[in-house]
Amino acid sequence: MRYFTDPMGWFSEWRRKRVLARHRIDDALWRSATGNLAFISRLSAGESEKLKRLVILFLSEKQFSGAHDIDVTDAMRVSIAAQACLPILELGLDWYAGWTGIVIYPGDFRVKRSEVDEAGVLHEWDDELAGEAMPGGPVVLSWDAAAHDPRINVVLHEFAHKLDMLNGEPNGMPPLHAGMDRRAWAAAFKEALQGFCDALERGRDTWLDPYAAEHPSEFFAVISEAFFEEPGETKRRYPDVYEQLKLFYRQDPASRRSG
Ligand SMILES: [Zn+2]
């Protein structure tokens, strides 16, 4: 349709208003899907209502599919949508524009990797993953990891990667808002990652998942999980990074009750 040259403009707004007017999330379903997620229970009544509206739009615009015959239930969809929408609570759903698929595997899944080394030799191997965010494509999640692994939050993690991918190759710096200082962001993250790698090398307890040391983009994804799940501790250990994340996500989770 050649007249709709701006699909995220008025037409999309009109469509979203209609979706919100016609749908609501059943209270019992919301409780069963999010009741075990402390970082969602801590939201104020206003934030919680805002999150529910985002979840309704997210469910209407994204497409869930199950791999290996897993039955993707409403509770699973709402749980994943609620966690995925928390980071964009103050940013809006357009931050997840440009792709639609969310693929759920029952457990960890294998992906084929290949790389040509400097000598021109092709190396191929299998990776076993709990989640993956494809640039311009779907988010793939292991339900077992999403529901049962207390060490990671694979949903917050992969959706943080999606935000990081908005301005090209994931590098730990998503598109910053006007008024934010790129140098302050870079300095805070560089110092935090260096300290983290140092502690890891010395065999010290790193608090954050050691996987964060893999790449600046992984550090951003892992500390974004912590920012929402354990904001008080994140603020205490990484005050400068916390401040930058607060400016980026436009949220201050440490100020939420018992946060
Ligand atoms: Zn990652």
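Further up the page is the structure itself.
Given the structure is predicted, the values throughout are model-derived calculations rather than measurements. (Residues numbered from 1 in each chain as written. Predicted model: local features only at pLDDT ≥ 70, side-chain atom pairs only at ≥ 80, totals over all residues. Heavy atoms only, no water.)

A. Examining the packing of aromatic side chains more closely. In this structure the tally under the stated criterion is 23 aromatic pairs. On the basis of an interplanar angle of 50° and a centroid distance of 6.0 Å, the ring pair of Trp-185 and Phe-220 is categorised as tilted. Within this pair, whereas Trp-185 is found in helix H8 (residues 182–201), its partner Phe-220 is found in helix H9 (residues 216–229), the two being separated by 35 residues in sequence. Residue Trp-185 is classed as buried on the basis of its relative accessible area of 1%. Here Phe-220 falls in the buried class, since its relative accessible area comes to 0%. Taken together, the aromatic side chains of Trp-95, Trp-185, Phe-189, Phe-196, Phe-219, Phe-220, Phe-227, Phe-228, Tyr-238, Tyr-242, Phe-248 and Tyr-249 make up a single cluster linked through ring pairs. (Phe/Tyr/Trp six-rings, centres within 6.5 Å; stacked < 30°, edge-to-face > 60°. Helix = DSSP H or I, 4+ residues; strand = E, 2+ residues; numbered from the N terminus. Buried < 20%, exposed > 50% of the residue type's maximum accessible area, 1.4 Å probe, protein only.)

B. Quick peek at the side chain of Glu-132. Secondary-structure assignment places Glu-132 in strand E5 (residues 131–133). By relative accessible area, which is 13% here, Glu-132 ends up buried. Of note is the side chain of Glu-132, whose polar atom sits 3.2 Å from the side chain of Arg-113. (Polar contact = N/O pair within 3.5 Å; in protein donor to acceptor, adjacent residues only side chain to side chain.)

C. Spatial organisation of the coordination of the zinc ion. Surrounding the zinc ion are the protein donor atoms His-157 (NE2), His-161 (NE2), Glu-218 (OE) and Glu-218 (OE), at 2.0 to 2.7 Å. Every donor counted, the four donor atoms about the zinc ion form angles of 52 to 145° at the centre, which fits irregular coordination. Here the donor residues of the zinc ion share one chain and are spaced in sequence as H-x3-H-x56-E. With a gap of 57 residues between them, His-161 in helix H7 (residues 154–164) and Glu-218 in helix H9 connect regions that are remote in the sequence. Residue His-161 is classed as buried on the basis of its relative accessible area of 7%. (Donors = N, O, S within 2.8 Å, 3.2 Å for Na, K, Ca; no water. Tetrahedral: all angles 85-135°; square planar, octahedral: opposite > 155°, others 65-115°.)

D. Main features of the pairing of strand E2 (residues 101–105). Note: strand E1 (residues 63–66) against E2, four bridges, orientation parallel. Paired with Phe-64 across the two strands is Ile-102, which belongs to E2. On the question of chirality, the crossover connecting E1 to the parallel E2 by way of helix H5 (residues 74–85) is left-handed. Here E2 pairs with strand E6 (residues 139–142) via four bridges, running parallel. Counterpart to Ile-104 in the pairing with E6 is Leu-141. (Pairing = 2+ DSSP bridges. Right-handed = clockwise from strand over helix to strand, strands pointing away.)

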